[in-house]
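Listed below, chain by chain, are the residues.
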Amino acid sequence: MTESASGSAGKAPADRGRTSIADGVVEKIAGLAAREVVGVHAMGSGSGLSRTFGAVRERVPGGAKASVSRGVKAEVGETQTALDLEIVVDYGVSIRDVARAVRENVISAVERMTSLEVVEVNIAVSDVKLPDEPDEEPESRLQ
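Parameters and conventions
- Residues numbered from 1 in each chain as written.
- Predicted model: local features only at pLDDT ≥ 70, side-chain atom pairs only at ≥ 80, totals over all residues.
- Heavy atoms only, no water.
- Helix = DSSP H or I, 4+ residues; strand = E, 2+ residues; numbered from the N terminus.
- Polar contact = N/O pair within 3.5 Å; in protein donor to acceptor, adjacent residues only side chain to side chain.
- Contact = heavy atoms within 4.5 Å.
- Expected span 1.5 Å × (residues − 1).
- Buried < 20%, exposed > 50% of the residue type's maximum accessible area, 1.4 Å probe, protein only.
- Arc of directions from axis to C-beta.
- Core = buried A, V, L, I, M, F, W, Y, C linked by side-chain atoms within 4.5 Å.
- Pairing = 2+ DSSP bridges.

J.: Just to check I follow, could you spell out the side chain of K129 for this structure?
T.: With respect to the helices and strands, the residue K129 is situated in strand β4 (residues 117-129). Reaching out from K129, the side chain makes a polar contact with the backbone oxygen of E133 at a distance of 2.4 Å. Setting aside chain neighbours within four positions, we find K129 in contact with H41, V88, V89, D90, Y91, P134 and D135.

Here it is as structure tokens:
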């Protein structure tokens, strides 16, 4: 997003200059907002093994991007943004209801914090977390 003002004479100080918001900022906001929804077990790739490797990569310096934006891709324009989310849901929840709640929460958070118009939020449900499956987030050996 970019705001600009030309001819600073006569403009309020707050209207002079530009503000740009990076894709990563919107991805973090959306990732946090999606995780707040009951029924979202995790963000990102579906298989437990992939989640495990992703968690390990995130703990290694220079490994992967921060976990807060894992499973989120944003395209940010000057006034609008579009988001793609990949989620893992808990077994037994209504996927339709969870997806609706994720969309509402993500749109609300992104629009409130950035003033960007969210034109779409696409959600891919890549896995279901079964009750008897252990959480495969390994303990980090790094300190």
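J.: I would appreciate a short explanation of helix α3 (residues 95-114) in the present structure.
T.: Residue pairs three or four apart in sequence face the same way in an α-helix, which turns once every 3.6 residues. Taking 1.5 Å of rise per residue, the 20 residues of α3 would be expected to cover 28 Å, and the 28 Å separating its terminal C-alpha atoms lies within 8% of that figure. Taken together, the buried positions of α3 are occupied by V98, A99, V102, V106, A109, V110 and T114. For α3, the arc enclosing every buried residue in end-on projection is 110°, short of the 170-degree limit, so these residues lie on one face. Every exposed residue of α3 that faces more than 90 degrees away from the buried side is listed here: R96, E104 and R112.

J.: Looking at this structure, how should I read the nonpolar core?
T.: L83, L85, V102, V106 and V110 are the most contacted members of the largest nonpolar core, which totals 25 residues. Mapped onto this core, the elements with two or more residues apiece are α1 (23-35), β1 (40-43), β2 (72-76), β3 (80-90), α3 and β4. Among the elements that make up this core, the one with the highest residue count is α3 (six residues). Once residues lying within four places of it in the same chain are set aside, the contact partners of V106 are A30, A33, A34, L83, L85 and V121.

J.: Would you take a moment to explain the pairing of β2 for this structure?
T.: As paired strands, β2 and β3 are joined by five bridges and run antiparallel to one another. Directly across from A74, in β3, lies its bridge partner L83. Linking two consecutive strands that pair antiparallel, namely β2 and β3, is a turn of three residues.

Don't take any of this as a statement about function, it's just geometry.
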